Amino acid sequence: MTTQPNSQLHDHVPGGPLDEKWTRHKFDLKLVNPANRRKFEILVVGTGLAGASAAATLAEMGYSVTSFCVQDSARRAHSIAAQGGINAAKNYKNDGDSVHRLFYDTIKGGDYRAREGNVHRLAEVSRQIIDQCVAQGVPFAREYGGLLDNRSFGGAQVARTFYARGQTGQQLLLGAYGALMRQVGAGRVKLHVRKEMVDLVEVDGVARGIVTRDLTNGQFERWAGHAVLLCTGGYGNVFYLSTNAKASNVTAAWRAHKRGAFFANPCYTQIHPTCIPVHGEFQSKLTLMSESLRNDGRVWVPQDGGDGRLAAEISEGERDYYLERKYPSFGNLVPRDVASRNAKQVCDAGRGVGDTGQAVYLDFRDAIQRDGRDTIQARYGNLFDMYARITGEDPYSVPMRIFPAVHYTMGGLWVDYNLESTVPGLFVLGEANFSDHGANRLGASALMQGLADGYFVVPATIASHLAGRTLPPVDTSHEAFAEAEAASQKRFQALLAVQGSRTVDSFHRELGLICWNKCGMSRNRAGLEEALQSIRSLRAAFWQDVRVLGDARSLNQNLEHAGRVADFMEFGELMVNDALQREESCGGHFREEHQTEENEAQRNDEGFCHVTAWEHRDGDSEQQHTEELAFESVQLSTRSYK
Amino acid sequence: MSTSTTGDLSLTVHVWCQAGPDQPGEFVTTALTISPDTSFLEMLDCLNEQRMAGGLEPIAFDHDCREGICGMCSLVIDGKPHGPEQETTTCQLHMRTFNDGDDIWVEPFRAKGFPILRDLVVDRGAFDRIQQAGGYVSVNTGSAPDAHAVPVPKPAAEEAFDAAACIGCGACVAACPNASAMLFVAAKVSQFALLPQGAPERDARARSMVEAMDAEGFGNCTNHFECAAACPKAIDVTHIARLNREFLRSSLRPRG
Ligand SMILES: Cc1cc2nc3c(=O)[nH]c(=O)nc-3n(C[C@H](O)[C@H](O)[C@H](O)COP(=O)(O)OP(=O)(O)OC[C@H]3O[C@@H](n4cnc5c(N)ncnc54)[C@H](O)[C@@H]3O)c2cc1C
Ligand code: SF4
Ligand code: FES
């Protein structure tokens, strides 16, 4: 891999004052005549919040839309699992919230590594999202007067989070799914489930189609269109164990990357502090416990390492409430990255609890004594039940054991202000792009971004492509389609042909462990260099020794998984390389070499106040590009939660 | 596969295998030792790893979130959709529910409306088509009034939420002696009937969703209520009563 810095990327953020950019831009954008929209075929890959909202909205506007997902129904996209809530600058609580405050919090929370123009637009459209969802019948939590309730979330000092019990993602997605189903019923969206995008097709340098593999019978199919929207989610499963759903993958994004879409900031990954710890060698995924638990639970470990006693036998003086001790003003409510890193530090020091020593306590004893069991049950009953179901322990009587887990990926395909990638006609939405969260995402902001991108941003900006470029007719008989299909066929045949001795899952687990140990919560040069070597050898071993059973012409989940793991292997290397070159600590990226005396992250604004975007070159090399970040409206400062 | 430690369960697992939609199927038996802390799907992962080690193809089953919310997992376990635990999806079921020495029988959801694709995987596309018939509020993006324009009484919002919690898994159909999809349809119709946003399309919605359900080959509801007993999200049968009222109401009004 070569890593010489190269050209500057242009973000195409319009000029003018920050709070007028989006309005002006919408005015300046070309329009597609409503009568002509039907003639434009838009391929939307993914039906999560980003994909479902985009597909439905574009169809409502009159475009002809074809939509794809890998699950058996559009409603099962991973967005369904989001628990906590969605932010919006409505200021319904009259507590001083505003578009500017949400903008500012997002920029600061992202540790000054996000683009001002995009983030401001996100804060602006956040308000319309809530209006739209309520009109769709999303049953948000309400107060007795019948108005919407809000809570504060993830360290925000205002209450701007809208929520639907602990199932906000589910309810928002069902709203968007309903809108999508309405358009499918009306014949304006053609929906294809259990079809996986395995390649992007470009004609004359413009994205004009995709190749899919039908997961029920292995058939490859070609789809032509005037634009392609990737809404395929995050790449957290490169770590194997994460809070992502099992089918979450990097394949669509990675295939687009190999066709010319730059990949930005892949090293920015978010580790969530409150997950249920790993229980054993067969663990297949990790379960998130909403971070709202930290409002009442106290985090602690025994004062001394190797203390094998039960929690109840450890007296107050022998406990270390380390977050409260180190961060007296934020205490247990420090941001995700800080809470996660501190948990790792105490476990690394041998003070972790439970069988594996890879856990810390989250204790509700004091909250129950103070507020009563009923109150705590009313607040967190479903979470306590979930915990008990998984662990077999009763969190009302013994403290929960928690440990950080991979949860969200801020990195993704590079996009400009229009959400267009470096491949003209290829737009990237939701978690799959890198756009709005910088180096760290705030709680309740991913749902907001996915819906902003899909309901409001791309439906406007796509006109820049459709009306701004000449798009000659292209159909699937074009040789570019034949080439992409043949390449895909070959890849899947190659996987079957290895006929080695190890299972796909065993490779995926090993890859995950390398990434987690060396490119997880904290990173250092030696470890990352070691990881690069290990991933390369593992990838070589994979192609020599993987055993994929079954054939290519039937429903074959093993082959499906193999294809995704093969892409994760390649992607993992890029993620590690990105972490290596970023000589600073910021947000979710903590380089041990760059920390203050108090072990806090140390940014390097002189050297790294930019986005790193990687271009795939022939022969497996990656060329590095940068987009400088200019801050006009906020002052860069050091985050402090002391 | 797993080395037995104290507390591990020794099980005999019988799983339905079927190569394709029109192929014959049969139970395949595997002996397995597993930790009681693993989940049911992890037990199946393990069983599959064991099969693959012996050169056998893994058994196909649907799953995704593995935390009880996406509705992708299914399975009839020892005769019960989603297994023996109340209000628990298959993916949330843990092996500590079983005893050492148990025989466990695993089958797909069986219903005319859910054809088998392979092994334990069925096609639930009919549910999507029922939704297309009216499981939404017709409001185009950008045309919504301010979210506070229409207050919704808290009890109505809460009850609507209870209905909206349906994960579309299909266990209600699998549990019903008539393979009826009434609970699923009722949950959606009820959610919108309880909210002012759903009011304008109330009549058309109940009518067309029920018609779509019938057209997909799901049976009639004859009040066995096995559906609610199997439902992992505790969707209550009162929603079926509401659907019946909505349907009656709609049939008393002119179509249009
Ligand atoms: C447990 C959990 C809790 C969370 N809680 C919150 C929260 O409270 N608030 C918040 O703001 N955020 C939360 N997040 C983050 C948020 O849920 C996600 O970032 C967001 O939902 C992603 O939406 P998306 O539309 O980009 O992608 P997804 O919802 O992941 O959708 C991806 C879609 O792409 C399809 N797809 C993927 N690959 C392919 C392919 N190769 N071919 C075809 N289709 C493909 C899938 O089928 C799916 O339809 C949470 C995340 C997790 C994991
Ligand atoms: S009503 Fe219950 S059982 Fe039926 S689909 Fe919904 S969640 Fe599943
Ligand atoms: S796998 Fe998602 S509900 Fe079971």
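Scope of this entry: the structure provided in the associated data block.

Calculation notes
- Residues numbered from 1 in each chain as written.
- Chains lettered and ligands numbered in written order.
- Predicted model: local features only at pLDDT ≥ 70, side-chain atom pairs only at ≥ 80, totals over all residues.
- Heavy atoms only, no water.
- Helix = DSSP H or I, 4+ residues; strand = E, 2+ residues; numbered from the N terminus.
- Contact = heavy atoms within 4.5 Å.
- Polar contact = N/O pair within 3.5 Å; in protein donor to acceptor, adjacent residues only side chain to side chain.
- Pairing = 2+ DSSP bridges.
- Axes fitted to C-alpha atoms, helices over the stretch in contact; angles between N-to-C directions.
- Buried < 20%, exposed > 50% of the residue type's maximum accessible area, 1.4 Å probe, protein only.
- Salt bridge = Lys/Arg side-chain N within 4 Å of Asp/Glu carboxyl O.

## Quick notes on the environment of A:His465
Residue and element names in this part refer to chain A.
Right, so step 1: Tracing the chain through its elements places His465 in helix α12 (residues 446–466).
Right, so step 2: The spacing of His465 and Met61 is 404 residues in sequence and 16 Å in space, taken between C-alpha atoms.
Right, so step 3: Contacts of His465, omitting those with residues within four sequence positions, involve Val206, His226, Ala227, Glu420, Pro424, Gly425, Phe427 and Leu471.
Right, so step 4: There is a polar contact of 2.7 Å between the side chain of His465 and the backbone oxygen of His226.

## Focus on the sheet that holds strand β8 (residues 206–214) of chain A
All names here are of chain A.
Right, so step 1: In space, the 3 strands of this open sheet follow the order β7-β8-β9, with antiparallel pairing throughout. Only two strands of the sheet have a single partner each, and these edge strands are β7 (195–203) and β9 (220–224). Averaged over all neighbouring strand pairs, the angle between strand axes comes to 25°, with direction disregarded.
Right, so step 2: Taken together, the 8 bridges between β7 and β8 define a ladder with antiparallel strand orientation. Looking at β8, one finds that Glu202 is bridged to Ala207.
Right, so step 3: Relative to the sheet, helix α13 (residues 479–498) contacts β7, β8 and β9, its axis offset from that of β7 by approximately 140°.

## Observations concerning unusual backbone geometry
In terms of backbone geometry, most residues other than glycine have negative phi values and most peptide bonds are trans.
Right, so step 1: Backbone geometry at A:Leu419 places phi at a positive 65°, although glycine is not the residue there.
Right, so step 2: Relative to the helices and strands, A:Leu419 resides in the loop between β17 (412–413) and β18 (426–428).
Right, so step 3: Under the relative-accessibility criterion, A:Leu419 is labelled buried at 0%.
Right, so step 4: Phi at B:Glu87 is positive, roughly 50°, even though this residue is not glycine.
Right, so step 5: On the secondary structure map, B:Glu87 appears in the loop between β4 (80–81) and β5 (103–107).

## Thoughts on the pattern of salt bridges
Residue and element names in this part refer to chain A.
Right, so step 1: Within this structure, the stated rule accounts for 70 salt bridges over all chains.
Right, so step 2: In this structure, the salt-bridge partner of Arg115 is Glu627, at a minimum N-O distance of 2.7 Å. Of this pair, Arg115 sits in the loop between α4 (99–109) and α5 (116–135) while Glu627 sits in strand β20 (residues 621–628), and the two are 512 residues apart along the sequence.
Right, so step 3: The class for Glu627 is buried, based on a relative accessible area of 1%.
Right, so step 4: Through salt bridges that share partners, Asp111, Arg113, Arg582, Glu584, Arg603 and Asp605 make up one connected network.

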